[in-house]
Amino acid sequence: MWLVRELIRLVERIVLGFLIALALAALWAAVSEHSFAHDLYVTTLTLGCALLLMGAIGRGSNFDRGMDFGVTQAAWGRIPGVSTLERRGEDPTLNPGIVFVLSGLALLAFAFFVVQ
């Protein structure tokens, strides 16, 4: 059961990270001086590479601790729209750094296959 729960959380976070990065890229492309398509392409490539680098840092980093569900829930309380599935301390969890890697790969794929 823990595997399904963690995979659902992983997909939620990847989609959320992708959408936030895409919104930032679109906002930056809209205010830039070149064409929207070119700036969106360059910005999605840049953000995708940045997300890959953040994921490559590894466990125990500030990025890893910031993505931890327990830290997020303790600091902000219950966030509307965030999964309310509770995890148990003895259950294994997936590495939060994989969210950055997969979000970065999704953003790079979007840049290469959709924008260009």
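The structure reproduced in this document is the subject of the present report. Counting restarts for each chain, with residues numbered from 1 along the sequence as it is written. Only residues with pLDDT of 70 or above have their local features reported here, since the model is predicted, and side-chain atom pairs are shown and tallied only from 80 upward, although totals for entire chains, interfaces and linings are computed over all residues. To get the side-chain values, all heavy atoms of the structure are used, and hydrogens and water are removed first.

### Re the overall build of the chain
Helix numbers and strand numbers start at the N terminus; a helix is a DSSP run of H or I with at least 4 residues, a strand a run of E with at least 2. A count of helices and strands for the chain gives five helices and zero strands. To sort residues, take the accessible area from a 1.4 Å probe on protein chains only and compare it with the maximum for the residue type: under 20% means buried, over 50% means exposed, and anything in between is partly exposed. By residue count, 30% of the 116 residues in the chain fall in the buried class.

### Description of the side chain of threonine 43
Looking at where threonine 43 falls in the secondary structure, it is placed in helix 2 (residues 36–56). According to the relative accessible area criterion, threonine 43 is buried, its value standing at 10%. Contacts were defined at the residue level, with two residues in contact if any of their heavy atoms lie within 4.5 Å. Apart from the residues lying within four places of it in its own chain, the contact partners of threonine 43 are Ala25 and Trp28.

### Observations regarding the pattern of salt bridges
By salt bridge we mean one thing: a side-chain nitrogen of Lys or Arg within 4 Å of a carboxyl oxygen of Asp or Glu. This model, assessed by the stated rule, comprises two salt bridges. A salt bridge links arginine 5 to glutamate 6; the nearest nitrogen and oxygen atoms lie 3.9 Å apart. When sorted by exposure, arginine 5 lands in the same class as glutamate 6, which is buried. The residue arginine 9 makes a salt bridge to glutamate 6 at a minimum N-O spacing of 3.1 Å. Residue arginine 9 and its partner glutamate 6 are located together in helix 1 (residues 2–31), separated by three residues, close to a single helical turn.

### Section: helix 1
Here a helix's expected span is defined as the number of its residues, less one, multiplied by 1.5 Å. With 30 residues, helix 1 extends 44 Å between its outermost C-alpha atoms, agreeing within 8% with the 44 Å of an ideal straight helix rising 1.5 Å per residue. When helix 1 is considered as a whole, its buried residues turn out to be Arg5, Glu6, Arg9, Leu10, Ile14, Phe18, Ala21, Leu22, Ala25 and Ala29.

### Considerations on the packing of helix 1 against helix 5 (residues 97–115)
Here helix 1 crosses helix 5 at 50 degrees, and the two axes come no closer than 9 Å. In terms of orientation, helix 1 and helix 5 fall into the oblique class. Where helix 1 crosses over helix 5, the two elements pack in a sense that is right-handed. Of helix 5, the residues touching helix 1 (which contributes Leu10, Arg13, Ile14, Gly17, Phe18, Ala21 and Leu22) are Ile98, Val99, Leu102, Ser103, Ala106, Leu107 and Phe110. Residue polarity is assigned by list, with Asp, Glu, Lys and Arg as charged and Ala, Val, Leu, Ile, Met, Phe, Trp, Tyr, Cys and Pro as nonpolar; anything else, Gly included, falls into the polar class. Its residues placed into classes, the contact of helix 1 with helix 5 shows eleven nonpolar, two polar and one charged. Helix axes use the C-alpha atoms of the stretch in contact, all axes being lines fitted to C-alpha atoms, and the angles between their N-to-C directions lie in the range 0 to 180 degrees. Our angle categories are set so that under 35 degrees counts as roughly parallel, over 145 as roughly antiparallel, 65 to 115 as roughly perpendicular, and the remainder as oblique. Each crossing is labelled by how the near helix is turned from the far one, with a counterclockwise turn of less than a right angle marking it left-handed and a clockwise turn marking it right-handed.

### Quick notes on the environment of aspartate 39
Along the polypeptide, aspartate 39 turns up in helix 2. On the accessibility criterion, aspartate 39 (7% relative accessible area) is buried. If sequence neighbours within four positions are ignored, aspartate 39 has contacts with Ala29, Ser32, Glu33 and His34. Polar contacts, as counted here, are pairs of nitrogen or oxygen atoms within 3.5 Å of one another; within protein the pair requires one atom able to donate a hydrogen and one able to accept it, and residues that are adjacent in sequence qualify only if both atoms are side-chain atoms. In terms of polar contacts, aspartate 39 uses its side chain to reach the backbone amide nitrogen of histidine 34, at 3.4 Å.

### Quick word on the side chain of arginine 9
Assessed through its relative accessible area of 4%, arginine 9 is described here as buried. For arginine 9, the side chain forms a polar contact with the side chain of glutamate 6, separated by 3.1 Å.

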